[in-house]
Amino acid sequence: MTGSMAADPIRVLLADDQALVRGALAALLNLEEDIEVVAQAGDGAQVAALAVEHRVQVALLDIQMPGTNGLTAATQLRQRLPDCKVLMVTTFDRPGYLRAAFDAGASGFLVKDAPSADLAAAVRRVHAGGRMLDPALAATSLLNGANPLTEREREVLGRAQSGTPVAQIAAGLHLSVGTVRNHLSSAIGKTGASNRIEAAHLAHDQGWI
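Residues numbered from 1 in each chain as written. Predicted model: local features only at pLDDT ≥ 70, side-chain atom pairs only at ≥ 80, totals over all residues. Heavy atoms only, no water.

Enquirer: I tried to follow the environment of histidine 127 on my own but got confused; where do I start?
Expert: When you line up the elements, histidine 127 lands in helix H5 (residues 116-127). The exposure class assigned to histidine 127 is partly exposed, which follows from its relative accessible area of 32%. The spacing of histidine 127 and leucine 87 is 40 residues in sequence and 9.6 Å in space, taken between C-alpha atoms. What histidine 127 contacts, discounting residues up to four positions off in sequence, is Ile10, Gln57, Val58 and Lys85. (Helix = DSSP H or I, 4+ residues; strand = E, 2+ residues; numbered from the N terminus. Buried < 20%, exposed > 50% of the residue type's maximum accessible area, 1.4 Å probe, protein only. Contact = heavy atoms within 4.5 Å.)

Right under this line is the structure:
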């Protein structure tokens, strides 16, 4: 924007555990006259506090981050700074992620391999109160339906994905072995898989865990 009556730039926070990606996104956005990256985070745990401190108006959050992921960070951010808009930026265009992102209060969902011009446009759109999402991904999400797994089934499958033994999963979640087996059996049936490892991979590919 130019001229003496130009509005203050949109204050943006970037959260991504990959420093190079975070730096590249910040550099792209800072080329825009009406956008300013005022804070950066390498973990979702820092997001809410930084957003409050820097009076952030739009937060760009990667979904997959160590520790506190982008979905949890979005929920925390909406609780502490409800006027801040959330735009999810991710490498993975999984339908389940799209639904989970909007359930967490996000206003937009953008895949990292989208054209660079789309990034600034998405920031402006969500800041103005609109929504930003890929039409093809939205259609796929609607066709696939909601995540069929319960919260406990997602927890159990998430641990089963790496081949963790049932007894170890049970101990980690403070459940009985029988209860874990029941959750795994239910999840296997819902995903149409033949075993727990396959069920975990199928659920991961859909963005359900």
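Enquirer: Sorry if this is basic, but what is going on with the pattern of salt bridges here?
Expert: Opposite charge on two side chains permits pairing when their charged atoms draw close. Counted by the stated rule, this structure contains 3 salt bridges. Arginine 124 is the salt-bridge partner of aspartate 34, the closest N and O atoms lying 2.7 Å from each other. Of this pair, aspartate 34 sits in the loop between helix H1 (19-30) and strand S2 (35-41) while arginine 124 sits in helix H5, and the two are 90 residues apart along the sequence. The exposure class assigned to arginine 124 is partly exposed, which follows from its relative accessible area of 30%. Arginine 152 is paired through a salt bridge with glutamate 155; the nearest N and O atoms lie 2.8 Å apart. Pair noted here: arginine 152 and glutamate 155 are both in helix H7 (residues 151-160), with a separation of 3 residues, about one helical turn. Judged by its relative accessible area of 30%, arginine 152 falls in the partly exposed class. Salt bridges linked by common partners bring Glu32, Asp34 and Arg124 together as one network. (Salt bridge = Lys/Arg side-chain N within 4 Å of Asp/Glu carboxyl O.)

Enquirer: Hey, could you run me through the side chain of threonine 68 in this one?
Expert: Mapped onto the fold, threonine 68 is located in the loop between strand S3 (58-61) and helix H3 (70-80). Look at threonine 68 and you get buried, because its relative accessible area is 17%.

Enquirer: Just checking my understanding: could you explain the packing of helix H8 (residues 166-173) against helix H9 (residues 177-191) for this structure?
Expert: What describes two packed helices is the angle between their axes and the distance between those same axes. The N-to-C vectors of H8 and H9 enclose an angle of 105°; their axes lie 9 Å apart at closest approach. Comparing the axis directions of H8 and H9 gives the class roughly perpendicular. The residues of H9 that touch H8, namely those facing Val166, Ala167, Ile169 and Ala170, are Val177, Val180, Arg181 and Leu184. The residue makeup of the contact of H8 with H9, split by class, is 7 nonpolar, no polar and 1 charged. (Axes fitted to C-alpha atoms, helices over the stretch in contact; angles between N-to-C directions. Parallel < 35°, antiparallel > 145°, perpendicular 65-115°, else oblique. Nonpolar A, V, L, I, M, F, W, Y, C, P; charged D, E, K, R; others polar.)

Enquirer: So what exactly am I meant to see when it comes to the environment of leucine 119 here?
Expert: Of note, leucine 119 is situated in helix H5. Along the backbone, leucine 119 and methionine 132 are 13 residues apart, and their C-alpha atoms lie at a distance of 9.9 Å. Setting aside residues no more than four positions away along its own chain, leucine 119 makes contact with Leu25, Leu29, Leu60 and Leu110.

Enquirer: Please clarify how H9 should be interpreted in this entry.
Expert: Owing to its 3.6 residues per turn, the α-helix brings residues three or four apart onto one side. In this model H9 runs 21 Å from its N-terminal to its C-terminal C-alpha over 15 residues, within 8% of the 21 Å that 1.5 Å per residue would give. Among the residues of H9, those classed as buried are Val180, Leu184, Ala187 and Thr191. Seen along its axis, H9 keeps its buried residues to an arc of 65°; they face one direction. Away from its buried face, by an angle of more than 90 degrees, H9 presents the exposed residues Arg181, Asn182 and Gly189. (Expected span 1.5 Å × (residues − 1). Arc of directions from axis to C-beta.)

Enquirer: So what exactly am I meant to see when it comes to the nonpolar core here?
Expert: Soluble globular proteins tend to pack their nonpolar side chains together in the buried interior. Formed by 28 residues in total, the largest nonpolar core has its most connected members in Leu13, Leu61, Met88 and Phe109. Mapped onto this core, the elements with two or more residues apiece are strand S1 (10-15), S2, helix H2 (47-53), S3, H3, strand S4 (85-90), helix H4 (95-103) and strand S5 (108-111). Counting 19 residues, the second largest nonpolar core, distinct from the first, contains Ala26, Val58, Leu119 and Ala120. (Core = buried A, V, L, I, M, F, W, Y, C linked by side-chain atoms within 4.5 Å.)

Enquirer: Can you walk me through the packing of H9 against helix H10 (residues 196-206) in this structure?
Expert: Where H9 contacts H10, the two axes come as close as 9 Å, and the packing angle between them is 55°. Overall, the two elements H9 and H10 adopt an arrangement that is oblique. Classified by chirality, the crossing of H10 by H9 is left-handed. Here H9 contributes Leu184, Ala187, Ile188 and Thr191 to the contact with H10, which in turn contributes Arg196, Ala199 and Leu202. (Left-handed = near helix turned anticlockwise from the far one by under 90°.)

Enquirer: Mind showing me how you'd approach the pairing of S2 here?
Expert: The side chains of a regular strand alternate between both faces of the sheet. Most of S2 is tucked away: 5 of the 7 residues are buried. One ladder, built from 6 bridges, connects S1 with S2; its direction is parallel. Within the sheet, the bridge partner assigned to leucine 14 lies in S2 and is glutamine 40. Regarding the hand of the β-α-β motif, the stretch spanning S1, H1 and S2 is right-handed. (Pairing = 2+ DSSP bridges. Right-handed = clockwise from strand over helix to strand, strands pointing away.)

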